[in-house]
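# What the coordinates show
Now for the letters of each chain:
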Amino acid sequence: MKMRAAVLEGFGEPLAVQDVELAEPRAGEVLVRLHACGVCHTDLYTASGADPSGYAPTVLGHEGAGVVEAVGPDVAELAPGDHVVTLFSPQCRECVHCLDPRTNLCLAIREEQNKGHLPDGTTRISRDGEEIRSFMGCSTFAEYTVMPEIALAKVSPEAPFEHACLFACGLSTGLGAAINTATVQPGSTCAVFGAGMVGLGAVAGCRLQGAERIICVDLSPERLELARGQGATDLLEGGEGAVERILEMTDGFGADYTFEATGNVAVMRQAVEAARMGWGLCTVAGVAGRGETLDVVPRLLITGRRIAGSSFGGVKGRDQVPVLVDRYLAGEIDLDPFVSHRITLDEVNRGFELMEAQDGIRSVIEF
Ligand SMILES: NC(=O)c1ccc[n+]([C@@H]2O[C@H](COP(=O)([O-])OP(=O)(O)OC[C@H]3O[C@@H](n4cnc5c(N)ncnc54)[C@H](O)[C@@H]3O)[C@@H](O)[C@H]2O)c1
Ligand SMILES: [Zn+2]
Ligand SMILES: [Zn+2]
């Protein structure tokens, strides 16, 4: 079938929206008609050429929500009409990691996904016979996508698509960092560095876990106000003195849980230093630049601080994204402030510009 899609033709170039060909779903695959898709830093990172593992031509986009249109052979749990959220982090439910509660890093399709292929080593998108690769296994800057069943979470049809798509990436990452990775205990003090989609999700996650105090640190006063809306009790301007301020606010000890959601290694270090001696846990969710390292004084660890990393918030997508969506539908999370701009697929490059200008949290493409 023919469909409209935003193609990255070459690094550093604007995406070109055009007609491409999409093949039928094969075994284990599903055809999804997209209704909404968030525009994320990771898409821009690849488009700019900064990501050394990036490839082109490809259809970008990985924060999709839509409806199952058709299924290929051997698809057991999805049927036409189901509402789904796309998962760049799949869940096969069979590999050694999927069977272990300690991680969400499914091993089933990593290699092919990193190469821009579907699990069978090919791609469904093409143009005049030329293959166009799949991005993060999703390629959701398009009217339709074909994805493996194991990379789709079936969610409540009551969730509006523009909100459901937020769960495909940063929001679940932040919520999961607090709920799964750190498992914040009721009554705790938390400090969240960064108030973008991931940090705001972490603030909300700390609140849902019953944290008593949530200090949010960011450079932007507007973003700190959004953090207050998600449950932050104390707002702090980021920069040099942030650690000292957090220590002052916590009787000199630091926070029980800290979260880093900026991708800046200097801020990661601050998040470690702001964690409490004895048991403070620092959860790193930000993605640092290639080759950058985290500089930490080992004495901080000997005296009881711990550091954990979190990919997609430790969320096992098919099992847990539907649960997070239900919690949102039950009124536990307010997502309206996160959708700052609604754009069309043809305006996708404007979505990138808005993100670069830090204008709002998410631009969402509506189809
Ligand atoms: N682990 C994962 O699976 C995963 C998933 C999605 C995104 N990420 C990563 O998480 C990070 C955050 O993503 P996002 O979408 O929220 O990004 P974002 O750019 O929207 O937010 C980052 C925030 O950090 C703030 N910031 C910058 N410097 C700061 C400082 N010195 N002190 C305090 N705050 C500072 C910025 O003002 C901004 O509000 C990125 O590195 C992204 O790549 C990780
Ligand atoms: Zn994303
Ligand atoms: Zn698996």
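Structure shown above.
Here is a short report on the structure shown in this document. All figures in this text were calculated on a predicted structure; none of them were measured in a lab.

Turning next to the overall build of the protein chain. Scanning the protein chain for helices and strands turns up eleven helices and 18 strands. Oriented by its inertia axes, the alpha-carbon framework of the protein chain measures out at about 65 × 40 × 40 Å. Scored against the burial criterion, the 367 residues of the protein chain give a buried share of 57%. If you take every contact in the protein chain between residues at least 6 apart in sequence, the share linking residues at least 24 apart comes to 71%. Summed over all atoms, the accessible surface of the protein chain reaches about 15,100 Å², with 50% contributed by carbon and sulfur. Separation between the mean location of the 29 positive side-chain charges and that of the 51 negative ones in the protein chain comes to 5 Å.

Sheet analysis places strand S3 (residues 29-38) next to strand S5 (residues 63-71), joined by eight bridges and oriented antiparallel. Looking at S5, one finds that valine 32 is bridged to valine 68. By the bridge criterion, three bridges tie S5 to strand S6 (residues 83-86) in an arrangement that is antiparallel. Each bridged residue has a counterpart across the sheet, and for glycine 66 the counterpart in S6 is valine 84.

The subject of this paragraph is the coordination of the zinc ion (ligand 2). Within the first shell, the zinc ion (ligand 2) binds the protein through Cys40 (SG), His62 (NE2), Glu63 (OE) and Cys169 (SG), at distances of 2.0 to 2.3 Å. One can describe the donor arrangement at the zinc ion (ligand 2) as tetrahedral, given that its four donor atoms subtend angles of 91 to 128° at the metal.

A word on empty space enclosed by the protein. The full count for this structure, using the stated rule, is two cavities of 30 Å³ or more. One number sums up the size of the largest cavity: a volume of about 60 Å³. Along its surface, the largest cavity is lined by Leu22, Leu118, Thr123, Arg124, Ile125, Ser134, Gly137, Cys138, Ser139, Thr145, Val146 and Met147. Around the second largest cavity, the lining residues are Ile109, Glu112, Gln113, His117, Leu118, Pro119, Gly137 and Pro148. Its residues assigned to classes, the lining of the second largest cavity shows four nonpolar, three polar and one charged.

Let's shift gears to the site of ligand 1. Close to ligand 1 lie 24 residues, the nearest being Asp218, Arg223, Ala285, Ser310 and Phe312. If ligand 1 stood free it would expose 870 Å²; the protein chains cover 86% of that surface. For the shell around ligand 1, the elements supplying multiple residues, two or more each, are helix H5 (197-208) and strand S12 (213-218). Per-class residue counts for the shell around ligand 1 are eleven nonpolar, eleven polar and two charged.

A few words now on the coordination of the zinc ion (ligand 3). Summarising the metal site, the zinc ion (ligand 3) is bound by the protein donors Cys92 (SG), Cys95 (SG), Cys98 (SG) and Cys106 (SG), whose distances to it range over 2.3 to 2.4 Å. Considering all four donor atoms around the zinc ion (ligand 3), the spread of angles at the metal, 104 to 119°, places the coordination shape in the tetrahedral class. Look at where the donors of the zinc ion (ligand 3) fall in the sequence and you get C-x2-C-x2-C-x7-C. Taken as a pair, cysteine 92 in the loop between S6 and helix H2 (110-114) and cysteine 106 in the loop between S6 and H2 lie far apart in primary sequence, 14 residues in all. Each member of the pair, cysteine 92 together with cysteine 106, is buried.

Further remarks concern the side chain of glutamate 162. Summarising the element assignment, glutamate 162 is placed in helix H3 (residues 161-164). Classification of glutamate 162 by relative accessible area gives buried; the value is 15%. In terms of polar contacts, glutamate 162 uses its side chain to reach the side chain of arginine 342, at 2.6 Å. Setting aside chain neighbours within four positions, we find glutamate 162 in contact with Ala36, Val339, Arg342, Val364 and Glu366.

So, how was this worked out
- Residues numbered from 1 in each chain as written.
- Chains lettered and ligands numbered in written order.
- Predicted model: local features only at pLDDT ≥ 70, side-chain atom pairs only at ≥ 80, totals over all residues.
- Heavy atoms only, no water.
- Helix = DSSP H or I, 4+ residues; strand = E, 2+ residues; numbered from the N terminus.
- Buried < 20%, exposed > 50% of the residue type's maximum accessible area, 1.4 Å probe, protein only.
- Contact = heavy atoms within 4.5 Å.
- Areas by Shrake-Rupley, 256 points an atom, 1.4 Å probe, with all protein chains shown as cover.
- Lys, Arg positive; Asp, Glu negative; His and termini not counted.
- Charge placed at Lys NZ, Arg CZ, Asp CG, Glu CD.
- Pairing = 2+ DSSP bridges.
- Donors = N, O, S within 2.8 Å, 3.2 Å for Na, K, Ca; no water.
- Tetrahedral: all angles 85-135°; square planar, octahedral: opposite > 155°, others 65-115°.
- 1 Å grid on protein atoms, 1.4 Å probe; cavity = no way out; pocket = protein on both sides within 12 Å on 5 of 7 lines; lining within 4 Å.
- Points joined across faces, edges and corners; volume = space filled by probe spheres on them.
- Nonpolar A, V, L, I, M, F, W, Y, C, P; charged D, E, K, R; others polar.
- Near = heavy atom within 4 Å.
- Polar contact = N/O pair within 3.5 Å; in protein donor to acceptor, adjacent residues only side chain to side chain.

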